[in-house]
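# Reading the structure
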Number of protein chains: 2
Amino acid sequence: MKLLTRNGSKPETTDKWEAQLRKGCLELAILASLWQEKLYGLEILRVLHQNSNLVLAEGTLYPILGRLKEEGLLESEWVEAEAGHPRKYYWLTPAGKQRVISMARFWTSFTANFDGLLKPILSGKAGR
Amino acid sequence: MKLLTRNGSKPETTDKWEAQLRKGCLELAILASLWQEKLYGLEILRVLHQNSNLVLAEGTLYPILGRLKEEGLLESEWVEAEAGHPRKYYWLTPAGKQRVISMARFWTSFTANFDGLLKPILSGKAGR
DNA sequence: GCAATATACCTTGCAGTGCTATGTATATTG
DNA sequence: CAATATACATAGCACTGCAAGGTATATTGC
């Protein structure tokens, strides 16, 4: 049985929640990272980590890239690297660009609704 | 085999994504709905629907309420209704209030990071 | 009285998703 | 030629939401 997380502490429900929140956003995040330029797998992880503080595992990334490609939102191509293992670069298809835009719009209205729900909490008023 | 959604259309991947996005936020939404007042089950659904455009099924709500209670974030009590079936009212424990606050803070910083990622897309600049 | 309806709570089984762990391939370094 | 670094890939597990179906209580129409 597995009871410890990587840092050796007991898994806490707070951690689980944060993971859960990330979950729903990963596809959008990955598509969005490709908005401006082609990237290869591990590079996507680095970009998301550095630009948006979003950390995901390789075992999470590759299946998602596969799904997105199968849906026709991404294309990919192998490219010989100057050194080491060849890299598989991904970029958005026209359908993919359309999709990112509509997802981003949905995200915006969704979070706006949510912010309304959280306003009483973050404005410092006590609940009863 | 099941191929149709409730409205009779084919299930689209966009729908799946929207569902996925909601998923990570439900616990926070439910806890937040209880910030100001005690509510009973179905009432929570109505509040979230009307105030935040957030629709969830009963089969989703009750298990979550059970989890949250088990974690010590909620308390509950049966109350005779003026008419019909008795209602089970829920409210936040002190630990629950603490938790909502920390979740709301995490939400705020998380969405801020994300908005940065989406800015190039929503500002109307074309990708290449 | 008693079926039909409305309100409310609860549970079961399934499907979708991310993550840990592990595996493979290529090239460089000691 | 082992060890290391980079990169892509997959299998099995655990968690979560949801559709569907079930139970309980009270009111309404006949």
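Residues numbered from 1 in each chain as written. Chains lettered and ligands numbered in written order. Predicted model: local features only at pLDDT ≥ 70, side-chain atom pairs only at ≥ 80, totals over all residues. Heavy atoms only, no water.

### Section: the overall build of chain A
Looking only at helices and strands, one finds five helices and three strands in chain A. In sequence order, the secondary structure elements of chain A are arranged as α-α-β-α-α-β-β-α. Out of the 128 residues belonging to chain A, those deemed buried represent 41%. Once local pairs closer than 6 in sequence are excluded, the contacts in chain A between residues at least 24 apart make up 45%. About 7700 Å² of surface is accessible on chain A, with carbon and sulfur atoms providing 51% of the total. (Helix = DSSP H or I, 4+ residues; strand = E, 2+ residues; numbered from the N terminus. Buried < 20%, exposed > 50% of the residue type's maximum accessible area, 1.4 Å probe, protein only. Contact = heavy atoms within 4.5 Å. Areas by Shrake-Rupley, 256 points an atom, 1.4 Å probe, with all protein chains shown as cover.)

### Considerations on the nonpolar core
A:Ile30, A:Phe114, B:Ile30 and B:Phe114 are the most contacted members of the largest nonpolar core, which totals 71 residues. A per-element tally of this core places helix α5 (residues 94-122) of chain A first, with 10 residues. The residues contacting B:Phe114, other than those within four sequence positions of it, are A:Cys25, A:Leu28, A:Ala29, A:Leu54 and A:Trp107. (Core = buried A, V, L, I, M, F, W, Y, C linked by side-chain atoms within 4.5 Å.)

### Describing the relation of the copies chain B and chain A
For the pair chain B and chain A, the best superposition has an RMSD of 0.1 Å and corresponds to a rotation of 180 degrees with a translation of 0.0 Å parallel to the axis. The symmetry that links the two subunits is that of a two-fold axis. Of every C-alpha in chain B, the one belonging to B:Gly24 sits nearest the axis of rotation, 3.1 Å from it. Looking at the interface residues of chain B, 100% of them are also at the interface in chain A, so both copies use one shared face. (Least-squares fit on C-alpha atoms with pLDDT ≥ 70 in both.)

### Remarks on the interface of chain B and chain A
Contact with chain B, which involves 46 residues of that partner, is made by 46 residues of chain A. The junction of chain B with chain A conceals about 4600 Å² of combined surface from both sides, 70% of it contributed by carbon and sulfur atoms. The three residues of chain B that bury the most area against chain A are B:Trp17, B:Trp35 and B:Trp107, which together make up 16% of that side's buried surface. One can count zero salt bridges joining chain B with chain A. (Buried area = accessible area lost by both parts, 1.4 Å probe. Salt bridge = Lys/Arg side-chain N within 4 Å of Asp/Glu carboxyl O.)

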